[in-house]
Amino acid sequence: MPNLYATLADIKSAGLLNITATTYDVDLLDCLEEGSRKIDTDTERFYFIYEGTFYQDGGGNRLILDWDVQTISTLKCDTDGDGVYESTYDLVSTSPDAFLYPINETPKTRLEANPWGDYGHFGAGIRKAVQIVGVFGYGADWPASYTYDSGQVVHASTAGTVFTSTSTLLTVSTVTLLSVGNTIRIANGTTSEQMYVTALSTAGISVTRAMNGTIAGPATTDDVVYIYQYPRIIAKAVLIYAMRIWKRRESAFQNQVGNPELGTVTVWKGDDPDYQKAVIKYHKVKRGWYP
């Protein structure tokens, strides 16, 4: 159950459902998962951070990106349709082959070919012509970073390797600063890995390893633990949707009510207005809009 935009602690808090027991934790996490994937579908973008390789069809001198992009490490094109990405585009020199837009903020949504670069287009007319290696996803609202320092570190009684590439129980300095549903990142000189928090205990944090395209690697004492964060409006929308699913169980998900004057009335429960506002605000426009 990866990439939740709100955590178990959020939905169980005193200001929301005010649940202290653990009896329904699995069901509540299911509600949060449904809400997170629904907001992805309704806005036509995802907010978690994926690291890897994406492909899309070619284009002319302007290419609207199918997915939100944080950074691109390698951009290649198949410019002759032979299935080989033989053209590597320079994005970092003083005279690059292409520019990422918007220039001063993230996420990036389009590429523009440099008229004075080596290529004047992005594999125009060729299917699956563009290969992008990079970091994808909306992340947090710019200029906020999509991760923040949790203020805690990997902890052990002795120095050295304390968390191997196959471990699933991570010990940190303060367990209570995390929640089930968090996606975290452990970064050191040899690895930079995303993990999903599945349980908390006095022994440590149970995690799912190698999330979102990252590779499992060892961690050592005092490695910083970062937490992924998402737009507050998106987190709120997910909580609204999840709580609505949760409360509907009390009516057995019924859509019919009885009234002496009106008889049986069918009531369709649409999306909450505040949820709809979030969808409108963050809906991805893929064509004809150049921020």
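Higher on the page you've got the structure.
The structure displayed is predicted, hence computed values, not measured ones. (Residues numbered from 1 in each chain as written. Predicted model: local features only at pLDDT ≥ 70, side-chain atom pairs only at ≥ 80, totals over all residues. Heavy atoms only, no water.)

Caption draft 1: A look at the sheet that holds strand S7 (residues 147–153). Spatial strand order, S7-S14-S10-S11-S12-S9: six strands in an open sheet with antiparallel pairing. Both edges of this open sheet fall to S7 and strand S9 (169–170), since each of them pairs with a single strand only. (Pairing = 2+ DSSP bridges. Helix = DSSP H or I, 4+ residues; strand = E, 2+ residues; numbered from the N terminus.)

Caption draft 2: The arrangement of helix H3 (residues 232–248) in detail. Taking 1.5 Å as the rise per residue, H3 with 17 residues should run 24 Å; its terminal C-alpha atoms sit 24 Å apart, in good agreement. Buried within H3 are the following residues: Ile 234, Ala 235, Ala 237, Val 238, Leu 239, Ile 240, Tyr 241, Ala 242, Met 243, Ile 245 and Trp 246. Buried residues along H3 sit against helix H1 (8–12), helix H2 (25–43) and helix H4 (273–282). (Expected span 1.5 Å × (residues − 1). Buried < 20%, exposed > 50% of the residue type's maximum accessible area, 1.4 Å probe, protein only. Contact = heavy atoms within 4.5 Å.)

Caption draft 3: Local environment of the nonpolar core. Tyr 5, Ile 11, Leu 32, Ile 39 and Phe 122 are the most contacted members of the largest nonpolar core, which has 54 residues in total. Among the elements of the structure, H1, H2, strand S2 (62–77), strand S4 (98–101), strand S5 (108–113), strand S6 (130–136), H3 and H4 are those that each provide at least two residues to this core. If one sorts the elements of this core by residue count, H3 sits on top with nine residues. Discounting chain neighbours no more than four positions away, the residues touching Tyr 5 are Ser 36, Arg 37, Ile 39, Asp 40, Phe 46, Tyr 47, Phe 48, Tyr 230, Ile 234, Ala 235 and Val 238. (Core = buried A, V, L, I, M, F, W, Y, C linked by side-chain atoms within 4.5 Å.)

Caption draft 4: Here's a closer look at H4. Those residues of H4 not exposed but buried are Tyr 275, Ala 278, Val 279 and Tyr 282. Each buried residue of H4 lies within a common arc of 100° when the element is viewed along its axis, so the set occupies one face. Facing away from the buried surface of H4 by more than 90 degrees, the exposed residues are Pro 273, Lys 277, Ile 280 and Lys 281. In this structure, the buried side of H4 is in contact with H2 and H3. (Arc of directions from axis to C-beta.)

Caption draft 5: Geometry of the pattern of salt bridges. For the coordinates displayed, the defined rule picks out 13 salt bridges. Its salt-bridge partner being Lys 12, residue Asp 25 comes within 2.9 Å of it at the nearest N-O pair. Residue Asp 25 is located in helix H2, and its partner Lys 12 is located in helix H1; the two are separated by 13 residues in the primary sequence. There is no split in this pair, since Asp 25 and Lys 12 are both buried. For Glu 51, the salt bridge goes to Arg 185, with nearest N and O atoms at 2.7 Å. Here Glu 51, found in strand S1 (residues 50–56), pairs with Arg 185, found in strand S10 (residues 183–187); they are 134 residues apart in sequence, far enough to count as distant. Judged by relative accessible area, which is 13%, Arg 185 ranks as buried. Residues participating in the shared-partner salt-bridge network are Glu 33, Arg 37 and Asp 40. (Salt bridge = Lys/Arg side-chain N within 4 Å of Asp/Glu carboxyl O.)

Caption draft 6: Molecular detail of the packing of H2 against H3. At a minimum axis separation of 8 Å, H2 and H3 run at an interaxial angle of 130°. Comparing the axis directions of H2 and H3 gives the class oblique. The handedness of the crossing between H2 and H3 comes out as right-handed. Contacts between H2 and H3 involve Asp 27, Leu 28, Cys 31, Leu 32, Glu 34, Gly 35, Ser 36, Lys 38 and Ile 39 from the first element and Ile 234, Ala 237, Val 238, Leu 239, Tyr 241, Ala 242, Ile 245 and Trp 246 from the second. (Axes fitted to C-alpha atoms, helices over the stretch in contact; angles between N-to-C directions. Parallel < 35°, antiparallel > 145°, perpendicular 65-115°, else oblique. Left-handed = near helix turned anticlockwise from the far one by under 90°.)

Caption draft 7: Region of the structure containing the packing of aromatic side chains. Within this structure, the stated rule accounts for 16 aromatic pairs. Centre to centre, the rings of Phe 46 and Phe 48 are 4.5 Å apart; their planes meet at 25°, and the pair counts as stacked. A residue is classified by how much of its surface remains accessible, and Phe 48, at 16% relative accessible area, is buried. Summarising the aromatic geometry, the rings of Phe 54 and Trp 67 are spaced 6.2 Å apart at their centres and angled 70° between planes, so their arrangement reads as edge-to-face. Of this pair, Phe 54 sits in strand S1 while Trp 67 sits in strand S2, and the two are 13 residues apart along the sequence. Exposure remark for Phe 54: the relative accessible area of 19% places this residue in the buried category. Aromatic rings pair up to connect Phe 46, Phe 48, Tyr 50, Phe 54, Trp 67 and Phe 136 into one cluster. (Phe/Tyr/Trp six-rings, centres within 6.5 Å; stacked < 30°, edge-to-face > 60°.)

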